[in-house]
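If you want the building blocks of each chain, they are given just below.
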Amino acid sequence: MSFVNRMLASVGIGAAKVDTILDKDTYSPGETITGTIKIEGGKVDQNIDHITLYVMTEFYREVDDKKVRDTAAIGNTTVGTSLVVKAGSSQEIPFSLKLPYDTPYTLGHTPVWIKTGLDIQMAVDPTDNDQIRVHPDAETSAIFDSIEQLGFRLRKAYCGSAPRYMRRRLPFLQEFEYVPTSGTYAGKLDELEVILVPQSDSIELLMEIDKRGKGLFGMLEEAMDLDETKVRMTLARTELQNQSSVKAKIEHTLRQFS
């Protein structure tokens, strides 16, 4: 083991490499991700303090009145500790990682990926990133389907920095912007903004109902943002199994405030 090789490995040249192989690439929040971490030894023996898997995403936050893109770790797990990777060797380590319930859905421009990091002593840490698709589960789909059946079309979905009074575990919330294109609310509402806060036994639904201004008073309301009504409701996962009941509750709320 030459001094030159050790020095090169410390800056990532000829060092160990990591490649994470997922058993599948599509999940719903609450599911367990499984796969194998493959580690290929470099030109020298290297000590790995630990291997960590992160569930990552992107969100937007405001800095000096400008929107900047940031990253956030939604969850993580440590897979292995105190490993020695021999030069030229190959190791495979199976893993499992539960996808948190508040993982955002990969709708619009919201990426989610699994980041694998090797913490190697006195060296640049090798990493691997693997994109996954996160689809709504059956209960969340009942909410989205109900909104669409009421004549709304999804216009935009993105993750934005959460205000302090709405912040939960993560620094962001995923927002879904709908516009009414048919049915009762076309011509009555400008848009419907929806935020979902999933839990293991329920989903909190936050809606901002933006009424379309009518006449001079309506124009003044719009100019002062007085036409926006914020509504909060919690739906148990058991009741979310009844599609018609979910649709009726959302419609009842919209009728009250539109």
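As the structure is a prediction and not an experimental result, all values here were calculated from the model.

1. Quick word on the packing of aromatic side chains
A ring pair, where both rings are aromatic, is described by two values, the distance of the centres and the angle of the planes.
At step 1: All chains considered together, the criterion is met by five aromatic pairs.
At step 2: On the numbers, 6.5 Å between centres and 35 degrees between planes, the contact of Tyr-105 with Phe-176 is tilted. Placement of Tyr-105 in the loop between strand E6 (90–98) and strand E7 (112–120) and of Phe-176 in strand E10 (residues 172–180) is noted, with a sequence separation of 71 residues between them.
At step 3: The buried category is assigned to Tyr-105, whose relative accessible area is 3%.
At step 4: Exposure remark for Phe-176: the relative accessible area of 1% places this residue in the buried category.
At step 5: Through successive ring pairs, a cluster of aromatic residues spans Tyr-105, Phe-144 and Phe-176.

2. A look at the pairing of strand E11 (residues 189–198)
At step 1: Of all 10 residues making up E11, nine are buried, and the element is well covered by its neighbours.
At step 2: Sheet topology note: the E10/E11 ladder contains four bridges and is antiparallel. Following the sheet pairing, Phe-176 is matched in E11 by Val-194.
At step 3: Once E11 ends, the chain turns through three residues before running back antiparallel as strand E12 (residues 202–211).

Criteria and cut-off values
The residue count restarts for each chain, going from 1 along the sequence in the order it is written. Owing to the predicted nature of the model, reporting of local features is limited to residues with pLDDT of at least 70; listing and counting of side-chain atom pairs is limited to 80 or more, with chain, interface and lining totals taken over all residues. Excluded from the side-chain calculation are hydrogens and water; included are all heavy atoms of the structure. In this scheme Phe, Tyr and Trp rings, the latter by its six-membered ring, pair at centre separations within 6.5 Å, and the angle between planes marks the pair as stacked below 30 degrees, edge-to-face above 60, and tilted otherwise. Numbering of helices and strands runs from the N terminus, with a helix taken as a DSSP run of H or I at least four residues long and a strand as a DSSP run of E at least two residues long. Burial classes follow relative accessibility: with a 1.4 Å probe on protein chains only, a residue under 20% of its type's maximum area counts as buried, one over 50% as exposed, and anything between as partly exposed. What makes two strands pair is DSSP finding at least two bridges between them.

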